[in-house]
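Each chain, written out:
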Amino acid sequence: MSDLQTSLRPKRKTGWVDYLVQFRWIAVIFVVLPISCTIYFLIYLGDLRSELKSYKKRQQEHDENVKKVIKRLKERDPKKDGLVCTARKPWIAVGMRNVDYKRARHFEVDLSAFRNILEIDKEGMVARVEPLVNMGQITRATVPMNLALAVVAELDDLTVGGLINGYGIEGSSHIYGLFSDTVVAYEIVLANGQLVRATREENSDLYYAIPWSQGTLGFLVAAEIKLIPIKEYMKLTYTPVKGNLKDIAQAYMDSFAPRDLDQDNPEKVPDFVEGMVYSPTEAVCMTGRYASKEEAKKKGNVINNCGWWFKPWFYQHAQTALKRGEFVEYIPTREYYHRHTRSLYWEGKLILPFGDQFWFRFLFGWMMPPKVSLLKATQGEAIRNYYHENHVIQDMLVPLVKVGDALEWVHHEMEVYPIWLCPHRLYKLPVKTMVYPEPGFELQRNQGDTPYAQMYTDVGVYYVPGPILRGEVFNGAEAVRHMENWLIENHGFQPQYAVSELSEKNFWRMFDASLYEKCRRKYGAIGTFMSVYYKSKKGRKTEKEVQDAEREFAEMETPYAETD
């Protein structure tokens, strides 16, 4: 695809929902932000209370809470009660996908107490945490020790459970893979109430099946996650790129993937990588390396405390490289990890159109960001449907060599900018999991690949499409369907936190069902937990629809499994 001319579309009619969305900032400022700020503070106090407890005390509370979960599961009558799910309210999830499966009758199990860091093992370099521990909480505990999770997702509110059962990525994923790849062990309560431990050696099939399963194999109650040594600062280099989208894609690849394929050489590969495409002809590539406090504070070095409330939003600060040229600065490591939190990448500009202005940042920036869960809770059905049709929040996971094609496709079909680029390894594992590298990738050895992992990139598409900004007609559902078909054709994947238009057949064309189905049967999930497709499926689910789907799944020999 080389023609980047977008097609002319007819003008769309403005309705009353457009005005609700346009002036939604009033409710955000006077309702959502104050409540969000209060909730953040209360959560922080709860985290402090947890930190004051000994690891032994936290473990005792954990064991008691696990017993409650087991007891609750055993109270369920499969003939009378609906399928099992957590008691969390549908709007609390950070993802954009509507939790419509909870509208059908279901049997709730409360996991709200599982929000403690159980242990930081400095010798074993492992953090043992409960599923509701979020990224802000864990970096607050580990960074002062000069330790961090190998993959730290950017937004504070993202939880360990969501990143494992769903999808998690960060600028270090080109080295360590996705968040779930850094997990050493899972503790899972199965449908029958049995507590099991899953590692690469013990219950290994369950260990490999958990990622991307959306909690449909059992309840995750704890995880042991790899820690790495870090330094106090991130030395970040901002490199402007100008040219067409294929030029931008190649410059992005060259920023972290040596053309001589020496991908495991730390001298050639930075610790962190990120790209932001601001237009069809302009982008900024950022590469980071950990740096000591002594290095950062040397005379002449620039330190940017980007986490301060009044500082420019990170994506706008990075954009200045297009005028300034390449520059280098040092950012405190924890502030770098959470650089996109205050502005929610660039979605904050839509929520509060003046939120990036200095006067607002100085006076109210300390209250940012509004909690995504509260934004969802206050939007109503009409606004929710409006966003599905007129707004895009999607991630396209594509092989690195196809990033240029993906960028051109997004421009032609959606015309959304900025676009976020973040590379990640997709490992060749002993078994075929729901997401897997292209067959035979290790023989082709494309840029970024190694014999044991294929390099992918998350093409993050978050914003209002160009046609909507110009007042033209745009069919959001149709655009997402086209995107999903493009991903299937190009061995790409769509994280299921987003709104999906996939049919069941296409869902299992995109993802591999074989290991997942095997574990659903082996560990008794069928008839207790909803299948991952129906949990991800867009739209309301009736109890009959869900139960019939489970019944059909149980009766099929090998539904949707690929034959190798």
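Residues numbered from 1 in each chain as written. Predicted model: local features only at pLDDT ≥ 70, side-chain atom pairs only at ≥ 80, totals over all residues. Heavy atoms only, no water.

### Structural notes on the nonpolar core
One finds Tyr 238, Met 396, Leu 407 and Met 414 to be the most contacted residues of the largest nonpolar core, which totals 142 residues. When residues no more than four places from it in sequence are discounted, the contact partners of Met 396 are Ala 406, Trp 409, Val 410, Thr 457, Asp 458, Val 459, Val 461, Met 483, Trp 486, Leu 487 and Phe 493. Within the second largest apolar cluster, 15 residues are counted, among which are Ala 191, Phe 219, Val 221 and Phe 529. (Core = buried A, V, L, I, M, F, W, Y, C linked by side-chain atoms within 4.5 Å. Buried < 20%, exposed > 50% of the residue type's maximum accessible area, 1.4 Å probe, protein only. Contact = heavy atoms within 4.5 Å.)

### Some details on the state of the cysteines
In total, this model carries zero disulfides according to the counting rule given. Take Cys 306: it sits in no disulfide, and the sulfur closest to it among the cysteines is that of Cys 422, at 16 Å. For Cys 306, a relative accessible area of 8% translates into the label buried. Note on Cys 422: no disulfide assigned, nearest cysteine sulfur contributed by Cys 285 at a separation of 12 Å. (Disulfide = S-S within 2.5 Å.)

### Some points on a nonpolar patch on the surface
Among the surface-exposed residues, Tyr 19, Phe 23, Ile 26, Phe 30, Val 31 and Ile 35 lie close enough to one another that they form a single nonpolar patch of about 600 Å² accessible area. For Ile 35, the location among the structural elements is in helix H2 (residues 24–52). (Patch = residues over 30% accessible without salt bridge, like charges linked within 9 Å, V, L, I, M, F, W, Y side chains within 5 Å. Areas by Shrake-Rupley, 256 points an atom, 1.4 Å probe, with all protein chains shown as cover. Salt bridge = Lys/Arg side-chain N within 4 Å of Asp/Glu carboxyl O. Helix = DSSP H or I, 4+ residues; strand = E, 2+ residues; numbered from the N terminus.)

### Regarding the sheet that holds strand E11 (residues 282–291)
Ordered in space as E12-E9-E11-E10-E14-E15-E13, the seven strands form an open sheet in which the pairing is antiparallel. Single-partner strands in this sheet number two, and they are strand E12 (327–332) and strand E13 (392–399). Within the sheet, the average angular offset between the axes of one strand and its neighbour, ignoring direction, is 25°. Lying over the sheet, helix H8 (residues 245–254) contacts strand E9 (233–242), strand E10 (272–279), E11, strand E14 (419–427) and strand E15 (453–463), oriented at roughly 165° with respect to E10. (Pairing = 2+ DSSP bridges. Axes fitted to C-alpha atoms, helices over the stretch in contact; angles between N-to-C directions.)

### Notes on the environment of Glu 51
By the secondary structure assignment, Glu 51 is in helix H2. Classification of Glu 51 as partly exposed rests on a relative accessible area of 34%. Distance in space between the C-alpha atoms of Glu 51 and Val 273 is 32 Å, their sequence separation being 222 residues. Ignoring any residue separated from it by four or fewer positions in sequence, one finds Glu 51 in contact with Arg 58 and Arg 140.

### Comments concerning the pattern of salt bridges
Here the structure, examined in full by the defined rule, presents 25 salt bridges. Note that Asp 47 is salt-bridged to Arg 140, the shortest N-O span being 2.8 Å. In this pair, Asp 47 sits in helix H2 while Arg 140 sits in helix H4 (residues 135–142), placing the two residues 93 residues apart along the sequence. Judged by its relative accessible area of 5%, Asp 47 falls in the buried class. Exposure remark for Arg 140: the relative accessible area of 26% places this residue in the partly exposed category. In this structure, Arg 425 engages Asp 264 in a salt bridge whose closest nitrogen and oxygen atoms are separated by 2.7 Å.

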